[in-house]
Amino acid sequence: MKGNDAHELVSQQIITDVLIDSIGDGAITTDEHGNVTRINPVAVKLLGYPAEEVIGRWFPELFTSFDENGVQIPLIDRPITRAFVSGQILSEHVIYRHKNGSLVRLAITISPIMVGDVTAGCIQIFRDIGAEYEIDKMKSDFISLASHQLRTPLSAIKTYAHMLLDGYMGKMTKAQTKSLKTIVAAANRMNDTVSTLLNISRIENGSVISERKVLALPKLFDAIIEEHQLSSSEKSINLIVNYPPAHVKLISDEVILKEIIGNLVSNAIKYTPEGGTVKLSAEVKANQLIIIVEDTGVGIPSESHSNVFSKFFRAENVIRQETSGTGLGLYLVKGLINELDGEVWFESEEDKGTTFYLSLPLTVELSSALKTKAKPKVKNVTAK
Ligand code: ADP
């Protein structure tokens, strides 16, 4: 090797070392056999092993990986093995054992280093998500507890208010009837919130059951529009519907789909000022049914776009206007559309409007379309 080349190589090496050391996340590189070649200070801190105890050791043996139940993951299923075998970049959550014996929950991206067709090693970048996981678990536990605890007293309130209204306990005066109607309306709103919470906890514990059949889409669209007629006319919002082409046969779950579209239409009305327009339409593109909910409303600020489907998220512009909301509707939409093997995304510009898109596969084998997901037996997805 010429002097210049050797010099070049050494300086490249130094640049790589500095780069890896200065990454704010943990970083470990391995050679083509999976032996550790570098570990940066953040990784040393996260896993507890000083560099001298790690360099040259076989990664899979040094850092054992566990599943959610604390069971060790076999070598063949580990992300590092899969990245080596497939040559693909993988991003996953993993649990490694810290040197002190505790388990560390990490979000990890493993990138194989490819030289031509050959995997010459890999680089793993990871960050600690233990705190995020705990917070998320607390939110889920809270939602589950709140929804189950609220359900029983709420149905008692609704039942007795209806009995009073219907005169089972004597004739009500005008003033009493008016008050009772307010109680029933408030209980119905609360019931919708509890239903959303219950559905979220079902999604989170995997107990949503979908019953798929060929859907009458125009009828479904009509039912959704009818449910939102009152709220839109109260704000003089022009509610437009364009039906899907007549030949389209979608095999899906009617109740779940109604809940999803209903949520989007309800948001579109809620976040569109008086006199605006909300349009529900559908089209077919590449074997997908695309359902579109479009509004001329307040829009979603661009800096919030990445958070829109997060639990409890509400954008600054709507919080300022103090419109009521829980920030759970879109989280639920995302979870439910996943259950139907579909996708949701949106485009939005502040003060111009928002368009939400749903895509659902049209060509589904009947056998899999009619499958009933294995776990649990609850099905109560009511519109928002
Ligand atoms: P909620 O409406 O109860 O606040 P969602 O989960 O349905 O909760 O929506 C989350 C947030 O996304 C809303 O608070 C709002 O900031 C934003 N958003 C949703 N839909 C729209 C829309 N059509 N136009 C403008 N902002 C929207």
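A brief look at the structure comes next. (Residues numbered from 1 in each chain as written. Predicted model: local features only at pLDDT ≥ 70, side-chain atom pairs only at ≥ 80, totals over all residues. Heavy atoms only, no water.)

### Details of helix α10 (residues 329–339)
Helical geometry: 3.6 residues make up each α-helical turn, so side chains three or four residues apart lie on a common side. In terms of residue burial, α10 counts as a mostly covered element, since 8 of its 11 residues are buried. Within α10 the residues assigned to the buried category are Gly329, Leu330, Leu332, Val333, Gly335, Leu336, Ile337 and Glu339. Each element contacted by the buried residues of α10 is listed here: α6 (174–204), α8 (254–270), β12 (343–349) and β13 (353–361). At the exit of α10 stands Asp341, carrying a positive phi of roughly 60°. (Buried < 20%, exposed > 50% of the residue type's maximum accessible area, 1.4 Å probe, protein only. Helix = DSSP H or I, 4+ residues; strand = E, 2+ residues; numbered from the N terminus. Contact = heavy atoms within 4.5 Å.)

### Quick word on the nonpolar core
Within soluble globular proteins, side chains that are nonpolar generally end up buried alongside one another. By size, the foremost hydrophobic cluster in this structure holds 47 residues, and its most contacted members are Leu257, Ile261, Ile291, Phe356 and Leu358. Counting only elements with at least two residues in this core, the list comes to α6, α7 (217–234), α8, β10 (277–285), β11 (288–295), α10, β12 and β13. Of the residues forming this core, the biggest block, 8 residues, is contributed by α8. For this core, the domains that each give at least three residues are domain 2 (133–205) and domain 3 (212–382). (Core = buried A, V, L, I, M, F, W, Y, C linked by side-chain atoms within 4.5 Å. Domains from an automatic or database assignment.)

### Some words on empty space enclosed by the protein
The final tally for this structure, using the stated rule, is 2 cavities of 30 Å³ or more. Taken as a whole, the largest cavity holds about 360 Å³ of empty space. Around the largest cavity, the lining is made up of 26 residues, and of these Asn267, Tyr271, Ile300, Val318 and Leu330 lie nearest the centre. Those elements that place two or more of their residues in the lining of the largest cavity are α8, α9 (316–321), α10 and β13. Sorting elements by how many residues they give to the lining of the largest cavity places α8 first, with 4 residues. Residues of the lining of the largest cavity, tallied by class, amount to 12 nonpolar, 10 polar and 4 charged. (1 Å grid on protein atoms, 1.4 Å probe; cavity = no way out; pocket = protein on both sides within 12 Å on 5 of 7 lines; lining within 4 Å. Points joined across faces, edges and corners; volume = space filled by probe spheres on them. Nonpolar A, V, L, I, M, F, W, Y, C, P; charged D, E, K, R; others polar.)

### Side note on the environment of Leu340
Relative to the helices and strands, Leu340 resides in the loop between α10 and β12. Of the residues examined, Leu340 reaches a relative accessible area of 2% and is grouped as buried. Non-local contacts of Leu340, meaning those with residues more than four positions away in its chain, are made with Ser210, Arg212, Ser252, Asp253, Ile256, Leu257, Ile260, Leu360 and Pro361.

### Focus: unusual backbone geometry
One non-glycine residue, Phe312, lies in positive phi territory at about 65°. Considering the arrangement of structural elements, one finds Phe312 in the loop between β11 and α9. Residue classification places Phe312 among the partly exposed positions, given a relative accessible area of 34%. One non-glycine residue with positive phi stands out, namely Asp351, at about 65°. Within the secondary structure, Asp351 is located in the loop between β12 and β13.

### Considering the site of the ligand
Around the ligand sit 21 residues in total, of which Asn267, Tyr271, Arg314, Thr326 and Leu330 are the nearest. Note that a nitrogen atom of the ligand is positioned 2.9 Å from one of the side-chain N or O atoms of Asp295. In this structure, Leu330 approaches the ligand through a main-chain N or O atom, which is 2.8 Å from an oxygen atom. Starting from 530 Å² of accessible surface for the ligand in isolation, the protein chains cover 100%. Judged by the fraction of its atoms near the pocket grid, the ligand is located in the largest cavity. Only α8, α10 and β13 provide two or more residues apiece to the shell around the ligand. Here the shell around the ligand gets 3 residues from one element, more than from any other, and that element is α8. When the residues that make up the shell around the ligand are grouped by side-chain class, the tally is 10 nonpolar, 7 polar and 4 charged. (Near = heavy atom within 4 Å. Polar contact = N/O pair within 3.5 Å; in protein donor to acceptor, adjacent residues only side chain to side chain. Areas by Shrake-Rupley, 256 points an atom, 1.4 Å probe, with all protein chains shown as cover. Sits in = over half its atoms within 2 Å of the grid points.)

### Thoughts on the environment of Leu250
Along the chain, Leu250 turns up in strand β9 (residues 250–252). Owing to a relative accessible area of 0%, Leu250 belongs among the buried residues under this scheme. Note: C-alpha distance between Leu250 and Gly34 (216 residues apart in sequence) is 48 Å. Setting aside residues no more than four positions away along its own chain, Leu250 makes contact with Lys213, Val214, Leu215, Leu217, Leu257, Leu289, Leu360, Pro361 and Leu362.

### So, the packing of aromatic side chains
The full count for this structure, using the stated rule, is 8 aromatic pairs. For the pair Tyr49 and Phe63, a centre-to-centre distance of 5.4 Å together with 90° between the ring planes defines the contact as edge-to-face. With Tyr49 in the loop between α2 (41–47) and α3 (59–62) and Phe63 in the loop between α3 and β3 (65–66), this residue pair connects regions lying 14 residues apart in the sequence. Phe63 sits in the buried class, given a relative accessible area of 0%. Taken together, the ring pairs in this structure connect Tyr49, Phe59, Phe63 and Tyr96 into an aromatic cluster. It is Arg105 that lies over the ring of Tyr133; its NZ or CZ is 3.4 Å from the centre. The lysine or arginine in question, Lys334, covers the ring of Phe309, its NZ or CZ lying 5.4 Å from the ring centre. (Phe/Tyr/Trp six-rings, centres within 6.5 Å; stacked < 30°, edge-to-face > 60°. Lys NZ or Arg CZ within 6 Å of the ring centre and 35° of its normal.)

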